[in-house]
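# An overview of the molecular structure
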Amino acid sequence: LAAKLIRAGAEPWPIAREVYESHSKEMIELLRTCLGTLELRDGGRSAWLYVNAAMYEHTGGNAQDTEGFIEYARSLQGIDIAVFIRPEIHTGWKVTFRGKYDADVGALAVSLGGGGHHHAAGCTMHGTFEEVQGKVRHAVSELLEDKH
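This text gives an overview of the structure that appears in the document. (Residues numbered from 1 in each chain as written. Predicted model: local features only at pLDDT ≥ 70, side-chain atom pairs only at ≥ 80, totals over all residues. Heavy atoms only, no water.)

For the rest of this paragraph, the subject is the overall build of the protein chain. Counting secondary structure elements, the protein chain contains 7 helices and 6 strands. Along the protein chain, helices (α) and strands (β) appear in the sequence α-α-α-β-β-α-α-β-β-α-β-β-α when read from the amino end. Projecting the C-alpha coordinates of the protein chain onto the three principal axes gives extents of approximately 50 × 35 × 30 Å. The proportion of buried residues among the 148 residues of the protein chain is 38%. Within the protein chain, counting contacts between residues at least 6 apart in sequence, those at least 24 apart form 54% of the total. Here the protein chain has roughly 8,800 Å² of accessible surface; of this, 54% comes from carbon and sulfur atoms. Charge centroids of the protein chain, computed over 15 positive and 20 negative side chains, lie 5 Å from each other. (Helix = DSSP H or I, 4+ residues; strand = E, 2+ residues; numbered from the N terminus. Buried < 20%, exposed > 50% of the residue type's maximum accessible area, 1.4 Å probe, protein only. Contact = heavy atoms within 4.5 Å. Areas by Shrake-Rupley, 256 points an atom, 1.4 Å probe, with all protein chains shown as cover. Lys, Arg positive; Asp, Glu negative; His and termini not counted. Charge placed at Lys NZ, Arg CZ, Asp CG, Glu CD.)

Now the structure itself:
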């Protein structure tokens, strides 16, 4: 499909630049703030990031700006599971998982009421941030203990 588009006159560099190298100041500020929440757990096998409503308000960012944030946690050496939690308007908290190696985050998400694939999954949970984070931490720790 890409070759057909190029033959038809599409220019790959301007398209790639707009898709991959064009971020708002709000998104970058939100990323900076989010990276400040990075926490390693489970003996360095899980990496955790989050944003909350106050961060959105402070930076002017929004949920759409968080696309791809979890990949920063996933990219850390030694990480088996990356977790990203953000508010989901009117529905609680969106919890996103990325797995490396043998950790089946799809099964993890299903156990928490969500779904997905072996290496990419998620769920929506209700409760306070602390309650949601606690449940997810317990589930992640159990999964990593089983894989130890």
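Now for the sheet that holds strand β4 (residues 92-99). Pairing within the open sheet is mixed, and its 6 strands lie in the order β1-β2-β3-β4-β6-β5. The open sheet has two free edges, formed respectively by β1 (39-41) and β5 (115-116), since each of these has just one partner strand. Relative to strand β3 (residues 81-88), strand β2 (residues 46-50) runs parallel, the two being bridged by 5 bridges. If you follow A47 over to β3, its bridge partner there is A82. (Pairing = 2+ DSSP bridges.)

Time to look at the packing of aromatic side chains. Enumeration over the complete set of coordinates arrives at 3 aromatic pairs. Seen in terms of ring centroids, F69 and F84 are 6.1 Å apart; in terms of plane orientation they differ by 65°. Their pairing is edge-to-face. Of this pair, F69 sits in the loop between α4 (53-59) and α5 (70-74) while F84 sits in strand β3; the two residues are 15 residues apart in sequence, bridging distant segments of the chain. Assessed through its relative accessible area of 1%, F69 is described here as buried. Clustering of aromatic rings is evident, with ring pairs tying together Y50, W93 and F129. (Phe/Tyr/Trp six-rings, centres within 6.5 Å; stacked < 30°, edge-to-face > 60°.)

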